[in-house]
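Here is what each chain is made of, one letter per residue.
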Amino acid sequence: MFAEELLAYSDSFNASAFFSCLRFMGDVTDEAVAAVDKIEAALGKFSDGPFFLGQFSLVDIAYVPFIERLQISYSGIKNYDIVGGRPNLGRFIEEVNKINAYTQTKLDTQVTLDIIKEKFGVP
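Just so it is clear, the structure is predicted and the values come from calculations on it, not from any experiment. (Residues numbered from 1 in each chain as written. Predicted model: local features only at pLDDT ≥ 70, side-chain atom pairs only at ≥ 80, totals over all residues. Heavy atoms only, no water.)

A. The confidence of the model for the chain, seen in detail. Confidence along the chain averages 90 in pLDDT terms, with 99% of residues attaining 70 or more. When mean pLDDT is compared element by element in the chain, helix 4 (residues 87-96) scores highest at 98, while helix 1 (residues 2-23) scores lowest at 78. (pLDDT = per-residue confidence, 0-100. Helix = DSSP H or I, 4+ residues; strand = E, 2+ residues; numbered from the N terminus.)

Listed below in structure tokens is the structure:
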């Protein structure tokens, strides 16, 4: 049931966190911070692993690309560290980066940032 709730929230998370970074110049919005804080809380719900349901699942597969682009965008555009003060999110990112099947699909961080900036007209 928690997995279904998280999957249903993924579109809202993407709109609240990722797209607000690109739509609003200036500081990170309260809405975006709340969305990332909700992910931090969700990652802390289970104690048997660093992933959304404790162990690696489809929920993690669904969120990884959003979180990866969010981290790159906020760091490169807003100069904001989404992991700061969010140990669960930090562990999640650290652990997914150990999964070979995932790391093989990642683009270079600067290339990803350049693509995002160009696509959304961000200077």
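B. Quick look at helix 4. Every buried residue belonging to helix 4 is among N88, L89, G90, F92, I93 and V96, and all of these are buried. Buried residues along helix 4 sit against helix 2 (30-43), helix 3 (58-78) and helix 5 (100-103). (Buried < 20%, exposed > 50% of the residue type's maximum accessible area, 1.4 Å probe, protein only. Contact = heavy atoms within 4.5 Å.)

C. Looking closely at the packing of aromatic side chains. Counted according to the given criterion, the structure contains seven aromatic pairs. Pairing F51 with F56 gives two aromatic rings, centres 5.3 Å apart and planes at 75°, and the pair type is edge-to-face. Look at F56 and you get partly exposed, because its relative accessible area is 40%. Through a chain of ring-to-ring contacts, three or more aromatic side chains come together here, namely F51, F52, F56, Y63, F66 and F92. Sitting over the ring of F2, K45 keeps its end group 4.5 Å from the ring centre. (Phe/Tyr/Trp six-rings, centres within 6.5 Å; stacked < 30°, edge-to-face > 60°. Lys NZ or Arg CZ within 6 Å of the ring centre and 35° of its normal.)

D. Structural detail: the packing of helix 2 against helix 4. Relative orientation of the contacting elements helix 2 and helix 4 amounts to 75°, with a least axis distance of 8 Å. Considering the angle they form, helix 2 stands roughly perpendicular to helix 4. On helix 4, the residues touching V36, I39, E40 and L43 of helix 2 are P87, N88, L89 and F92. Grouping the constituent residues of the contact of helix 2 with helix 4 by class yields six nonpolar, one polar and one charged. (Axes fitted to C-alpha atoms, helices over the stretch in contact; angles between N-to-C directions. Parallel < 35°, antiparallel > 145°, perpendicular 65-115°, else oblique. Nonpolar A, V, L, I, M, F, W, Y, C, P; charged D, E, K, R; others polar.)

E. Spotlight on the nonpolar core. In terms of nonpolar packing, the biggest core is built from 31 residues, with F13, I39, F52, Y63, I67, L89 and F92 touching the most fellow members. At the level of secondary structure, the elements contributing two or more residues to this core comprise helix 1, helix 2, helix 3 and helix 4. (Core = buried A, V, L, I, M, F, W, Y, C linked by side-chain atoms within 4.5 Å.)

F. Just the packing of helix 3 against helix 4, in detail. Between helix 3 and helix 4, whose axes approach to 11 Å, the crossing angle comes to 105°. As judged from the angle between their axes, helix 3 and helix 4 are roughly perpendicular. Here D60, V64, I67 and Q71 of helix 3 lie close against helix 4, whose contacting residues are L89, F92, I93 and V96. The residue makeup of the contact of helix 3 with helix 4, split by class, is six nonpolar, one polar and one charged.

G. Quick look at the pattern of salt bridges. Summed over all chains, the structure comprises two salt bridges. Between D37 and R86 there is a salt bridge, with the nearest N and O atoms lying 2.8 Å from each other. Taken together, the residues span a long stretch of sequence, with D37 in helix 2 and R86 in the loop between helix 3 and helix 4 at a distance of 49 residues. Here E95 ties to K98 by a salt bridge, and the two come within 3.0 Å at their closest N and O atoms. Judged by relative accessible area, which is 25%, E95 ranks as partly exposed. (Salt bridge = Lys/Arg side-chain N within 4 Å of Asp/Glu carboxyl O.)

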